[in-house]
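# Secondary and tertiary structure notes
Read off the chains here:
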Amino acid sequence: TAHLKKGLIEKELKYGLTKRDYQKLMRACRKKVRFQNEHLNCYFDDPKLKLRKKKYGLRVRIVDGKKAYITLKHPARSGRKAVRTLKVRHEYEVPVSYKLAKAIIKGKKPVMDLRSMPVQVLRSAFSKEALQRIRPLGTIRTLRTVVEANGGSLELEIDKFKLFGHSYYELEVETIRPKRADQVVRWLFKENNIPYHPITKSKLGRFIEEWKKSRHD
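The following refers to the structure shown. (Residues numbered from 1 in each chain as written. Predicted model: local features only at pLDDT ≥ 70, side-chain atom pairs only at ≥ 80, totals over all residues. Heavy atoms only, no water.)

## Describing the nonpolar core
One finds Phe44, Leu58, Val60, Ile70, Val111, Leu122 and Ile134 to be the most contacted residues of the largest nonpolar core, which totals 25 residues. Mapped by element, the contributors of at least two residues to this core are strand S2 (33-45), strand S3 (57-63), strand S4 (67-75), strand S5 (87-96), helix H3 (98-105) and helix H4 (117-125). Filtering out sequence-adjacent residues up to four positions away, Ile134 remains in contact with Phe44, Asp45, Asp46, Leu51, Leu58, Val111 and Met112. Membership of the second largest hydrophobic core comes to 24 residues, among which are Leu13, Ala76, Val88 and Leu188. (Core = buried A, V, L, I, M, F, W, Y, C linked by side-chain atoms within 4.5 Å. Buried < 20%, exposed > 50% of the residue type's maximum accessible area, 1.4 Å probe, protein only. Helix = DSSP H or I, 4+ residues; strand = E, 2+ residues; numbered from the N terminus. Contact = heavy atoms within 4.5 Å.)

Shown next, in the form of structure tokens:
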């Protein structure tokens, strides 16, 4: 386990939107849409959220009902942040078959049975007993619209997603130049009269909050 790869380093900026702001942004960017797809994200943990408590996030994603991936994320050291809301994480993502992903999401096959880098990393960080209790917690459906910005050098991911009956809207930007990307977003928001609302809460973070509430209802 000492020789496990560190995974890719994901550097991400995130901005909260209201429904009205989302509609404004979609109108402003309609001529620069590169593609749109639908994600079904299923999150995994044990009932006591042991992965979450150590800041690990495990998901299986199905894209457009065709392709599927298993992904693990956990924080990476980032030093001094160029942008306050920048999130820097190790990301391990590998493709899995659609059929297998569906079985895992439905709880018919344990996610920890997969022979993949995300599972290897978890095995190096948690006990066998803890990992045996990992199960699907629930899903989020996301409509993602990817548009180009800054002359095509930057991709903006405009998301509309639903969990536990509530709709949310946000903008995500993955970039190796976060300060410049943040400036582009500020300008875009100002041009379209959209409030600048940077956030650090991930979709997993929102999901866990709502999952906890549902357990106490």
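So that's the structure; there's more coming.
## Points about the pairing of strand S8 (residues 166-174)
Note: strand S1 (residues 8-17) against S8, 6 bridges, orientation antiparallel. Its bridge partner lying in S8, Leu17 is registered against Tyr169. The pairing of strand S7 (residues 154-163) with S8 spans 7 bridges and is antiparallel. Residue Asp159 lies in a different strand from S8, and its bridge partner there is Glu170. Between S7 and the antiparallel strand that follows it, S8, lie 2 residues; Phe164 among them carries a positive phi value of about 50 degrees. (Pairing = 2+ DSSP bridges.)

## With respect to the packing of aromatic side chains
Under the defined criterion, the tally for this structure stands at 7 aromatic pairs. Look at Tyr15 and Phe189: their rings are 5.9 Å apart centre to centre, the planes differ by 80 degrees, and that puts the pair in the edge-to-face class. With Tyr15 in strand S1 and Phe189 in helix H6 (residues 178-191), this pair connects stretches of sequence that are 174 residues apart. With respect to class, Tyr15 is no different from Phe189; both count as buried. With centroids separated by 5.4 Å and ring planes inclined at 40 degrees, the aromatic side chains of Tyr43 and Phe207 adopt a geometry described as tilted. One end of the pair, Tyr43, is in strand S2; the other, Phe207, is in helix H7 (residues 203-216), and 164 residues separate them in sequence. Under the relative-accessibility criterion, Tyr43 is labelled buried at 5%. Take Phe207: its relative accessible area is 1%, and that puts it in the buried class. (Phe/Tyr/Trp six-rings, centres within 6.5 Å; stacked < 30°, edge-to-face > 60°.)

## What to know about the sheet that holds S8
Pairing is antiparallel around the closed barrel formed by 8 strands, whose spatial order is S1-S5-S4-S3-S2-S6-S7-S8. Looking at each pair of strands side by side, their axes are set apart by 35 degrees on average, direction ignored. Direction of pairing for strand S6 (residues 135-149) relative to S7: antiparallel, over a ladder of 9 bridges. Residue pairing in the sheet places Val147 in a bridge with Leu156 of S7. Where helix H1 (residues 19-28) meets the sheet, it contacts S1, S2, S6, S7 and S8, and its direction lies at approximately 145 degrees from that of S7. On the sheet, H6 packs against S1, S6, S7 and S8 and is oriented at approximately 20 degrees with respect to S1. (Axes fitted to C-alpha atoms, helices over the stretch in contact; angles between N-to-C directions.)

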